[in-house]
Amino acid sequence: MLTYSFQVYRALYGRYLTEQWLPCLLVLFLTLTILPLMFRRRGSRVAGVLLPAAWIWVGWMFHLKYFAGINFMAPFYAGLFLLQGCLLLWLGPLRGGLTPEIRDDLRGRVGWLVVLLAWLVYPLADVLTGWPPAQLRLPGLAPGPTALFTLGVLLHCRDRWASAAMLIPAVWLLITGFAGWVLGSPVDLMAPAPALLAVIAALATAKTTGRP
Amino acid sequence: MSRPPYASNLSKSGPGGVTMSEWALSRASAGKRTGPVNRGVRMAWADGQELLMRHHRDGSRVRRDRRRFLSLLAATAGCTVLDAVGANPAGAGLQRRAIPASGESIPVIGMGSYITFNVGQDPTLLADRVQVLRAFFEAGGGMIDSSPMYGSSEAAIGHCLGLLGHPATLFSATKVWTPRTAAGELQMRESRELWGVPRFDLMQVHNLLNWKAHLRSIRRDRDAGLIRYVGITTSHGRRHDELVELMRKETLHFVQFTYNIRDREAERRLLPLAADRGIAVIVNRPFRRGELIRRLSPHPLPAWAGEIGCSGWPGFLLKFIASHPAVTCAIPATSRVDHMRENMSVIRGPLPDPVMRRRMVDYVASL
């Protein structure tokens, strides 16, 4: 099972934000930038660089430098995040795919819902369940919201590899749900639900996703 | 009424054909800090087993026999307190148990550190844990058990011990936990540095992981004076068959496994075998990580719990464990000072006799 309590996890996350406030602010700003970039015609390749940067940051700094201090599984989690970062880099800027564009179909609407959950509902629920407002878990900073936001962005990508890139975020949200169950954190416990929704939406629209 | 498993086990012959009662007496008399006093307690226990068996043969005699047993136990309990005062002023009145391998005695309640001391480097949480550990030692605590698996627990314990001046009553116990042999040797060295101790009182192989190689390393460290006792652990009631084999074949000073009022599988084989082989027993998960207390808390303690000095469920549960004669030390974990005081205080005074233990089991099962 888990070797730490939710109270300790929260304190650790707070210390990570306090000690790394400047790079955290920068990563947060860059991750947030992905949203307006998605509205640009034909998408933006810049967004394809920013998303993997968020994964690499969370994997390297949060998991490896902080979380590993209380959880022996954290180096493995860091590996998952670094792998996802590399995968997004390869599928995106290096291969020329994974360019997010606004989609006005079922897949796109589910995508927006998941993005909304990542940026608003997740942190708001945290505050309502006792997290200090200054220590919000947001995309680019915390693993769960980063994975959720990634799923939302990938649902807007017209690339046949977008669904494959959803595997690690979905797995991470399952792990988050398990941790939420063990630690008694209702917000994390609910995390697999939007992941499942995103995966279903991706599978349901798989045939119409790839570019001709 | 069915016969309690431990009663049947304790009546089995020990090595060399001696009965468990004789074994208990021989162990008590071999103890460094045991004398006529603890021998008396052991005799009370042995007598209690016989009375219990007689109770099953002849129900009409049980009340008179139980009274006789309780009076005998009460007569020896006072002596135990005096013995403990002499041995350890800080732990005045604490129930102590002898480690069969040496006769050295330790308080029957220690402290686990799973989750509770894994606080990272958070200064507030570390300061809280210093207070928890202070309360532990003020109450006469001895054994602290940890593991490299528990994240930052060893570092936190070392931090607290440093601030508390490494109390002399500390009995340091940790584990080696890695599938790689060479990494295990490094891990043990790192643990000494994290705790800030020159040697460990007890080094255990965690969950039997790579036990062959690690036992070799631990024994080598023991020969070098870096470790005093050798042990092996399991938890959650897992891998008992393998543990039994190891207890039979290997020379072990300590074993650690799960035992509580709801998880009593250990009574069948592990506890009697430990007694027969002269292996000290550490009991983990005495509250099932708090689950037992949460489940029992809505229910009232039975009125007769007052007979053994229980005023709350934690005491009830700990006294049940501590009263098994093969148990050397139970290690509840807590992050709260008030809970630590409660854990340590409840083991003062009388422990349940075999008949009372049966009532405790039946009562909890009925809830």
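Structure: above.
Now for a quick tour of the structure. (Residues numbered from 1 in each chain as written. Chains lettered and ligands numbered in written order. Predicted model: local features only at pLDDT ≥ 70, side-chain atom pairs only at ≥ 80, totals over all residues. Heavy atoms only, no water.)

1. What to know about the overall build of chain A
Each helix and strand counted, chain A has nine helices and zero strands in total. Along chain A, helices (α) and strands (β) appear in the sequence α-α-α-α-α-α-α-α-α when read from the amino end. Projected onto its principal axes, the C-alpha positions of chain A cover 50 × 30 × 30 Å. By element, 73% of the accessible surface of chain A is carried by carbon and sulfur atoms, the whole surface being about 9500 Å². Here chain A contributes 16 positive and 7 negative side-chain charges, whose respective centroids are spaced 7 Å apart. (Helix = DSSP H or I, 4+ residues; strand = E, 2+ residues; numbered from the N terminus. Areas by Shrake-Rupley, 256 points an atom, 1.4 Å probe, with all protein chains shown as cover. Lys, Arg positive; Asp, Glu negative; His and termini not counted. Charge placed at Lys NZ, Arg CZ, Asp CG, Glu CD.)

2. Remarks on the overall build of chain B
Counting its secondary structure elements, chain B contains 14 helices and 10 strands. When burial is assessed residue by residue, chain B has 58% of its 367 residues classed as buried. Entry remark: accessible area of chain B is about 14500 Å², with carbon and sulfur atoms responsible for 52%. (Buried < 20%, exposed > 50% of the residue type's maximum accessible area, 1.4 Å probe, protein only.)

3. Description of the packing of aromatic side chains
What the rule picks out here adds up to 32 aromatic pairs over all chains. Between the aromatic rings of Y16 of chain A and Y66 of chain A, the centroid separation amounts to 5.5 Å while the plane-to-plane angle is 65 degrees, which identifies the pairing as edge-to-face. Placement of Y16 of chain A in helix α1 (residues 6–19) and of Y66 of chain A in helix α3 (residues 45–66) is noted, with a sequence separation of 50 residues between them. Each member of the pair, Y16 of chain A as well as Y66 of chain A, carries the same accessibility label: buried. Considering the side-chain rings of W195 of chain B and F200 of chain B, the 5.2 Å spacing of their centres and the 85 degrees angle between planes classify their relative orientation as edge-to-face. Here the two residues W195 of chain B and F200 of chain B agree in accessibility, since each one is buried. When the ring centre of F320 of chain B is taken as reference, the NZ or CZ atom of R357 of chain B above it lies at 4.2 Å. (Phe/Tyr/Trp six-rings, centres within 6.5 Å; stacked < 30°, edge-to-face > 60°. Lys NZ or Arg CZ within 6 Å of the ring centre and 35° of its normal.)

4. Examining the pairing of strand β9 (residues 280–284) of chain B
Residues and elements named next belong to chain B. Of all five residues in β9, five are buried, a share of seventy percent or more. Covered by surrounding structure in β9 are A280, I282 and N284 together with V281 and V283, the residues of both alternating faces. Handedness of the crossover joining strand β8 (residues 254–258) and β9 through helix α10 (residues 270–277) is recorded here as right-handed. Bridge count for β9 against strand β10 (residues 329–330) is two bridges, and the pairing is parallel. Pairing of I282 across the sheet is with C329, part of β10. (Right-handed = clockwise from strand over helix to strand, strands pointing away. Pairing = 2+ DSSP bridges.)

5. Brief notes about the pattern of salt bridges
All names here are of chain B. This model, assessed by the stated rule, comprises 24 salt bridges over all chains. Of the charged contacts, one joins R228 and E104 as a salt bridge, the two residues approaching to 2.4 Å between their closest N and O atoms. In this pair, R228 sits in strand β7 (residues 227–233) while E104 sits in the loop between β1 (96–98) and β2 (105–107), placing the two residues 124 residues apart along the sequence. For R228, a relative accessible area of 22% translates into the label partly exposed. For K249, the salt bridge is made with E245, and the minimal N-O distance between the two is 3.4 Å. Placement of the pair is K249 and E245 together in helix α9 (residues 240–249), with a separation of four residues, close to one helical turn. A relative accessible area of 37% places E245 in the partly exposed class. Connected via shared salt-bridge partners are D263, R288, E291 and R295. (Salt bridge = Lys/Arg side-chain N within 4 Å of Asp/Glu carboxyl O.)

6. Some words on the environment of L209 of chain B
Residues and elements named next belong to chain B. Inspection of the secondary structure puts L209 in the loop between β6 (200–205) and α8 (211–223). For L209, a relative accessible area of 29% gives the class partly exposed. Sequence separation between L209 and W177 is 32 residues, and the spatial gap between their C-alpha atoms is 6.5 Å. Excluding residues that lie within four positions of it along the chain, L209 makes contacts with W177, T178, P179 and H214. (Contact = heavy atoms within 4.5 Å.)

7. Remarks on the pairing of strand β5 (residues 171–176) of chain B
Residue and element names in this part refer to chain B. Summarising burial for β5: six of the six residues are buried, a large majority. Burial along β5 is two-sided: F171, A173 and K175 and S172, T174 and V176, pointing in opposite directions, are all buried. Bridge count between strand β4 (residues 143–145) and β5: three bridges; the pairing is parallel. If you follow I144 over to β5, its bridge partner there is S172. For the crossover that starts at β4, traverses helix α6 (residues 153–163) and ends in the parallel β5, the hand is right-handed.

8. Examining the sheet that holds strand β3 (residues 111–112) of chain B
Residue and element names in this part refer to chain B. Here we have eight strands laid out as an open sheet, ordered β3-β4-β5-β6-β7-β8-β9-β10, and parallel in their pairing. This sheet does not close on itself; its edge strands, each paired only once, are β3 and β10. Relative to the sheet, α8 contacts β5, β6 and β7, its axis offset from that of β7 by approximately 165 degrees. (Axes fitted to C-alpha atoms, helices over the stretch in contact; angles between N-to-C directions.)

9. As for unusual backbone geometry
Residues and elements named next belong to chain B. The phi torsion at R239 lies on the positive side, around 55 degrees, for a residue other than glycine. Mapped onto the elements, R239 comes out in the loop between β7 and α9. Residue R239 is classed as partly exposed on the basis of its relative accessible area of 40%. Residues other than glycine seldom take positive phi values, yet R289 does so here, at roughly 55 degrees. As for its placement among the helices and strands, R289 is situated in the loop between β9 and α11 (291–296).

10. A look at the interface of chain B and chain A
Tallying the contact residues gives 15 residues for chain B and 13 residues for chain A. Interface area for chain B against chain A, summed over the two sides, is near 1100 Å², with a carbon-plus-sulfur share of 57%. For the pair chain B and chain A, the number of links is zero salt bridges. The interface formed by chain B and chain A holds four residue pairs in polar contact (both at pLDDT 80 or more) in total. Of the residues assigned to the side of chain B that touches chain A, the class counts are seven nonpolar, five polar and three charged. (Buried area = accessible area lost by both parts, 1.4 Å probe. Polar contact = N/O pair within 3.5 Å; in protein donor to acceptor, adjacent residues only side chain to side chain. Nonpolar A, V, L, I, M, F, W, Y, C, P; charged D, E, K, R; others polar.)

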